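Each chain, written out:
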Amino acid sequence: RMAGGWWRVRRLHQLALATSSSRWQTSCRRLAYRLGLPAAAHVIESALVDVPTVVGWLRPAILLPIAALSSLTPSQVDAILAHELAHIRRHDYAINVLQSLVETLLFYHPAVWWVSERVRIEREHCCDDIAIAVCGDAVGYAEALAELETWRSSPASMAMAATGGSLLDRVRRILHVSTVEEPRSPSWAVTLILTVLLTAGAGDRKSVV
């Protein structure tokens, strides 16, 4: 399973580097400068991914899904790019490879899977915080995550995707909505979208006052 995931990500990386950069490359350079990165990642628009994904370590590439981009505003795309650049700045791709190796070798130990899941959750939280700090629009960022979730299928386990982790919990955390322990129903995606819309509506009412 690990070898298959590595091969798929390597193939995506090779194809990305051989493809001309996207129109979002300029935005990526600007955001990389703000994040203190020495160079921006290579950004392409691809039909091979369903959600924004970063692959590679020494020569990272960010793949933006063509289908999902049409439903996002420029500021939301900037926030997603900032999230992916945060993964690059934190060297999360290399850490994820090491983490997957540990999971493979110690697959029989429940504690390893629990710790590994916590690491992935906190990794996404850190990148969410960086993206919001750079772009300054928590509600818009949460709406972008909710929109991207509708396009998500199963990503390659060795790649870093913007929609990793429990998206509903991430949106609640971003919007500072209290979390209540409740069973996850099949309509949780609807709950996610309603949470974003209601929070955005509350913000609009405050701005009017």
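Residues numbered from 1 in each chain as written. Predicted model: local features only at pLDDT ≥ 70, side-chain atom pairs only at ≥ 80, totals over all residues. Heavy atoms only, no water.

J.: Looking at this structure, how should I read the overall build of the protein chain?
T.: Secondary structure summary: the protein chain contains 9 helices and 4 strands in total. Ordered by position from N to C terminus, the α and β elements of the protein chain give α-α-β-β-β-α-α-α-α-α-β-α-α. Out of the 209 residues in the protein chain, the part that is buried amounts to 44%. Across the protein chain, contacts joining residues at least 24 apart in sequence account for 65% of those joining residues at least 6 apart. Working note: accessible area of the protein chain is about 11300 Å², and carbon and sulfur atoms make up 62% of it. (Helix = DSSP H or I, 4+ residues; strand = E, 2+ residues; numbered from the N terminus. Buried < 20%, exposed > 50% of the residue type's maximum accessible area, 1.4 Å probe, protein only. Contact = heavy atoms within 4.5 Å. Areas by Shrake-Rupley, 256 points an atom, 1.4 Å probe, with all protein chains shown as cover.)

J.: Can you help me understand the nonpolar core in this one?
T.: Where a protein is soluble and globular, its nonpolar side chains tend to be buried together. Within the largest apolar cluster, 36 residues are counted, with the highest numbers of intra-cluster contacts made by I62, L64, L81, L85 and Y141. Elements that contribute at least two residues to this core include exactly α2 (25-34), β3 (61-65), α3 (66-69), α4 (74-89), α6 (110-135), α7 (138-149) and α8 (167-174). It is α4 that contributes the most residues to this core, 8 residues altogether. In contact with L64, other than residues within four places in its own chain, are W24, V43, I44, E45, S46, V49, P52, L69, V77 and L81. (Core = buried A, V, L, I, M, F, W, Y, C linked by side-chain atoms within 4.5 Å.)

J.: How do you make sense of α4 when you look at a structure like this?
T.: Working note: α-helix, 3.6 residues per turn, so residues spaced by three or four point in the same direction. With 16 residues, α4 ought to run about 22 Å at 1.5 Å a step, and its terminal C-alpha atoms sit 22 Å apart, in line with that. Counting buried residues in α4 gives 13 out of 16 residues, a clear majority hidden from the surface. (Expected span 1.5 Å × (residues − 1).)

J.: When you look at the packing of α4 against α7 in this model, what are you seeing that I'm missing?
T.: Packed helices, taken two at a time, are described by the angle between their axes plus the distance between the axes. Taken N-terminus to C-terminus, the directions of α4 and α7 make an angle of 80°; their axes are 9 Å apart at the nearest point. As judged from the angle between their axes, α4 and α7 are roughly perpendicular. On α7, the residues touching Q76, A79, I80 and H83 of α4 are G140, Y141, E143, A144, L145 and L148. Taken together, the residues of the contact of α4 with α7 break down into 6 nonpolar, 3 polar and 1 charged. (Axes fitted to C-alpha atoms, helices over the stretch in contact; angles between N-to-C directions. Parallel < 35°, antiparallel > 145°, perpendicular 65-115°, else oblique. Nonpolar A, V, L, I, M, F, W, Y, C, P; charged D, E, K, R; others polar.)

J.: Hey, could you run me through a nonpolar patch on the surface in this one?
T.: A cluster of nonpolar side chains, L98, L101, V102, L105, L106, F107, Y108 and W113, forms an exposed patch at the surface whose accessible area comes to about 820 Å². A total of 4 residues in the nonpolar patch trace back to one element, the largest contributor, which is helix α5 (residues 92-105). Along the chain, Y108 falls in the loop between α5 and α6. In this structure Y108 comes out as exposed when scored by relative accessible area, which is 55%. (Patch = residues over 30% accessible without salt bridge, like charges linked within 9 Å, V, L, I, M, F, W, Y side chains within 5 Å. Salt bridge = Lys/Arg side-chain N within 4 Å of Asp/Glu carboxyl O.)

J.: Explain the packing of α7 against α8 here, please?
T.: Packing of α7 against α8 brings their axes to within 10 Å, and their N-to-C directions diverge by 170°. Considering their axes alone, α7 and α8 lie roughly antiparallel with respect to each other. The residues of α8 that touch α7, namely those facing A138, Y141, A142, L145, A146 and E149, are L167, R170, V171 and I174. Among the residues forming the contact of α7 with α8, the class breakdown is 8 nonpolar, no polar and 2 charged.

J.: Sorry, what's going on with the pattern of salt bridges here?
T.: Close approach of charged atoms lets side chains of opposite charge pair. In this structure the tally under the stated criterion is 8 salt bridges. With its nearest N and O atoms 3.5 Å apart, the salt bridge here joins R23 to E45. Taken together, the residues span a long stretch of sequence, with R23 in the loop between α1 (2-17) and α2 and E45 in strand β1 (residues 42-46) at a distance of 22 residues. Judged by its relative accessible area of 61%, R23 is exposed. When its relative accessible area of 29% is taken as the criterion, E45 is described as partly exposed.

J.: Please clarify how the environment of R172 should be interpreted in this entry.
T.: Here R172 is to be found in helix α8. Residue classification places R172 among the buried positions, given a relative accessible area of 10%. Counting along the chain gives 30 residues from R172 to A142, while the straight-line C-alpha distance between them is 8.8 Å.

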